[in-house]
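# Notes for the structure review
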Amino acid sequence: MTDRLPHTLRSDALDNRERILDAARALFSTDGLDVPMREVARRAGVGPATLYRRFPTKQTLVAEVFADQLNACRAIVDEGCADPDPWRGLCLVIERICELHARDRGFTEAFLSTYPEMKGVAAGREYTVKAVAELAQRAKEAGRLRSDFVLDDLILILMANKGIHATSTAGQVKASRRFAGLAIQAFEACPRHAPLPPAARLASAAPDST
């Protein structure tokens, strides 16, 4: 029994950690980062002391929760930058990053935040911004991106995309895809007005708006 006890404790600690992360992901995704730490602990089925022992601050919890999304964001940017057509690569980045953020409200808040404790999030944001800036410059030189585009326009898109509210995640993603299509047409130097993705019914839309 003595030999097995340390392993049991380690297993319990790992189980608590995963329950905390799962609870935080669910709450941050739907309610944003304003969720109290005590609510995270309650949802995870652990005491506040256990939560703070694993994650001393909300910032450390947020950084761990969104590690996968940051990796996904980086992969999207890398794929876009690798496209020999910089405009096509930039469109891919806008479309997929908007969708990634539409699936998780909390991730957008974390990505746009300036908490110094969230070093991983800050590093991921810095990498994304720098890579997209270089891609945008190439798209301008190719004559496809309007010359007055600035990187703050992309941040503006993410902020606006965060404001999309639908009755389901699928509805939010659908609306985000259409929003990204509108943004891309606005950014193009000579808009070709390609067909937009299908519209999504939003809770605040009038019944006859579609």
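Residues numbered from 1 in each chain as written. Predicted model: local features only at pLDDT ≥ 70, side-chain atom pairs only at ≥ 80, totals over all residues. Heavy atoms only, no water.

## As for the confidence of the model for the protein chain
With 88% of its residues at a pLDDT of 70 or more, the protein chain has an overall mean of 86. Averaged over each element, pLDDT in the protein chain is lowest for helix 1 (residues 5–31) (78) and highest for helix 2 (residues 37–44) (96). In the predicted structure, residues 4–9 sits below a pLDDT of 50 and forms zero contacts with residues beyond four places in sequence or in another chain. The model gives residues 206–210 a pLDDT under 50, and that stretch makes three contacts with residues more than four places away or in other chains. (pLDDT = per-residue confidence, 0-100. Helix = DSSP H or I, 4+ residues; strand = E, 2+ residues; numbered from the N terminus. Contact = heavy atoms within 4.5 Å.)

## With respect to helix 6 (residues 86–102)
Taking 1.5 Å per residue, 17 residues should reach 24 Å; helix 6 reaches 24 Å between its end C-alpha atoms and fits that length. For helix 6, the buried fraction is high: 14 of the 17 residues fall into the buried class. A side-chain oxygen of the first residue of helix 6 lies 3.0 Å from the backbone nitrogen of Trp87; this N-cap is Asp85. (Expected span 1.5 Å × (residues − 1). Buried < 20%, exposed > 50% of the residue type's maximum accessible area, 1.4 Å probe, protein only. Polar contact = N/O pair within 3.5 Å; in protein donor to acceptor, adjacent residues only side chain to side chain.)

## Description of the packing of aromatic side chains
Within this structure, the stated rule accounts for four aromatic pairs. Both rings, one in Phe28 and one in Phe66, keep their centres 6.2 Å apart while their planes meet at 35°; by these two values the pair is tilted. Taken together, the positions of Phe28 in helix 1 and Phe66 in the loop between helix 4 (58–65) and helix 5 (67–82) put the pair 38 residues apart, joining distant regions of the chain. For the pair shown, Phe28 and Phe66 are each scored as buried. An aromatic cluster of three or more residues is present, and its members are Phe28, Phe66, Phe107 and Phe111. The ring of Tyr127 is capped by Arg74, whose NZ or CZ atom sits 3.7 Å from the centre of that ring. (Phe/Tyr/Trp six-rings, centres within 6.5 Å; stacked < 30°, edge-to-face > 60°. Lys NZ or Arg CZ within 6 Å of the ring centre and 35° of its normal.)

## Side note on the packing of helix 5 against helix 6
The N-to-C vectors of helix 5 and helix 6 enclose an angle of 165°; their axes lie 8 Å apart at closest approach. Judged on the interaxial angle alone, helix 6 and helix 5 are roughly antiparallel. With respect to the hand of their crossing, helix 5 and helix 6 are arranged in right-handed fashion. Counting all contacts with helix 5, which are made through Gln69, Ala72, Cys73, Ile76, Val77, Glu79 and Gly80, the residues of helix 6 involved are Gly89, Leu92, Val93, Arg96, Ile97 and Leu100. (Axes fitted to C-alpha atoms, helices over the stretch in contact; angles between N-to-C directions. Parallel < 35°, antiparallel > 145°, perpendicular 65-115°, else oblique. Left-handed = near helix turned anticlockwise from the far one by under 90°.)

## Thoughts on the environment of Arg43
Summarising the element assignment, Arg43 is placed in helix 2. In this structure, the C-alpha to C-alpha distance between Arg43 and Ala26, residues 17 residues apart in sequence, is 9.4 Å. Discounting residues that sit within four places of it in the chain, Arg43 has contacts with Ala23, Ala26 and Leu27.

## Focus: the environment of Val93
Residue placement: Val93 occurs in helix 6. Relative accessible area serves as the criterion here: at 1%, Val93 is assigned to the buried category. With 14 residues separating them in the primary sequence, Val93 and Glu79 have C-alpha atoms 8.1 Å apart. Beyond its immediate stretch of four places on either side in the chain, Val93 contacts Ile76, Val77, Gly80, Val132 and Leu135.

## Thoughts on the environment of His101
Residue placement: His101 occurs in helix 6. A sequence separation of 58 residues divides His101 from Met159, and the C-alpha atoms of the two residues are 9.8 Å apart.

## Details of helix 5
End to end, helix 5 covers 23 Å across 16 residues, agreeing with the expected 22 Å (1.5 Å per residue, within 8%). Those residues of helix 5 not exposed but buried are Gln69, Leu70, Cys73, Ile76, Val77 and Gly80. Down the axis of helix 5, the buried side of the element spans an arc of 120°, and every buried residue falls inside it. Residues of helix 5 that are exposed and point over 90 degrees away from its buried face: Asp68, Asn71 and Ala82. (Arc of directions from axis to C-beta.)

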